[in-house]
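Per-entry structural report
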Amino acid sequence: METNLSQVLFQVDPSIRYVAVNQRGRITEMAQNSRFPSHNPQETDRMEELMVNPVILEMARRRGELDLDGIRFVVIRYGPQYQLLFPYREGHVSIGVELGVDIAALATRVARVLDLPI
């Protein structure tokens, strides 16, 4: 049985509440940690993964490639949580995280799991 990336990432830190994977414009995983209720309807998460996050990452990637050695990740602070976005293979990984976590340290640990540059 193949392990989903979300199952692996939920083990990285207990503050991870949500994981989504988008590859080639398709959501291949979207999972809510059973320990946390969602702050919003699943349909808005779906739209975020299909439209918003790819655009944010593309803009940040273009800027990073100008003269800053690319992009590693993007952090968004929504009211009740952080959202971490990582360019990943042919798309992205999006991770919802509880407030109060050391977000830079967590991003480093997640990047290692995803085998991304730190």
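Placed above this text is the structure.
Residues numbered from 1 in each chain as written. Predicted model: local features only at pLDDT ≥ 70, side-chain atom pairs only at ≥ 80, totals over all residues. Heavy atoms only, no water.

A few words on the pattern of salt bridges. Taken as a whole and assessed by the stated rule, the structure comprises 9 salt bridges. Among the salt bridges present, the one from Glu65 reaches Arg61, with a minimum N-O distance of 2.6 Å. Within this pair, Glu65 and its partner Arg61 are both found in helix H2 (residues 42–67), separated by 4 residues, close to a single helical turn. Assessed through its relative accessible area of 29%, Arg61 is described here as partly exposed. (Salt bridge = Lys/Arg side-chain N within 4 Å of Asp/Glu carboxyl O. Helix = DSSP H or I, 4+ residues; strand = E, 2+ residues; numbered from the N terminus. Buried < 20%, exposed > 50% of the residue type's maximum accessible area, 1.4 Å probe, protein only.)

Nonpolar side chains collect at one region of the surface, where Met51, Val52 and Tyr78 lie side by side and expose about 260 Å² of accessible area between them. Along the polypeptide, Met51 turns up in helix H2. (Patch = residues over 30% accessible without salt bridge, like charges linked within 9 Å, V, L, I, M, F, W, Y side chains within 5 Å. Areas by Shrake-Rupley, 256 points an atom, 1.4 Å probe, with all protein chains shown as cover.)

An order of S2-S1-S5-S4-S3 is seen for the 5 strands of this open sheet, with the pairing classed as antiparallel. Each of the sheet's edge strands pairs with one partner strand only, and the pair in question is strand S2 (26–32) and strand S3 (74–77). Averaged over all pairs of adjacent strands, the angle between their axes in this sheet comes to 15°, without regard to strand direction. Note that S3 and strand S4 (residues 81–88) share 4 bridges and pair antiparallel. (Pairing = 2+ DSSP bridges. Axes fitted to C-alpha atoms, helices over the stretch in contact; angles between N-to-C directions.)

Moving on, we come to the pairing of strand S1 (residues 16–23). In regular strands, side chains alternate between the two faces of the sheet. Here S1 lies mainly inside the structure; 8 of its 8 residues are buried. For S1 and strand S5 (residues 91–98), the ladder comprises 7 bridges, and the chain directions are antiparallel. Within the sheet, the bridge partner assigned to Ala20 lies in S5 and is Ser94. Relative to S2, S1 runs antiparallel, the two sharing 6 bridges. Bridge pairing in S2 places Asn22 opposite Ile27. The turn linking S1 back onto S2 is made up of 2 residues, and Arg24 within it adopts a positive phi angle of 55°.

Here H2 is 26 residues long and its end C-alpha atoms lie 37 Å apart, about the 38 Å a rise of 1.5 Å per residue gives. At Glu48, H2 shows its maximal kink, close to 45°. Every buried residue of H2 is listed here: Asp45, Glu48, Glu49, Asn53, Leu57 and Gly64. On the buried face of H2, the contacting elements are S1, S2, S3, S4 and S5. Two residues or fewer after H2 comes Asp69, characterised by a positive phi angle close to 60°. (Expected span 1.5 Å × (residues − 1). Bend = angle between axes of the 7 residues up to and from the residue. Contact = heavy atoms within 4.5 Å.)

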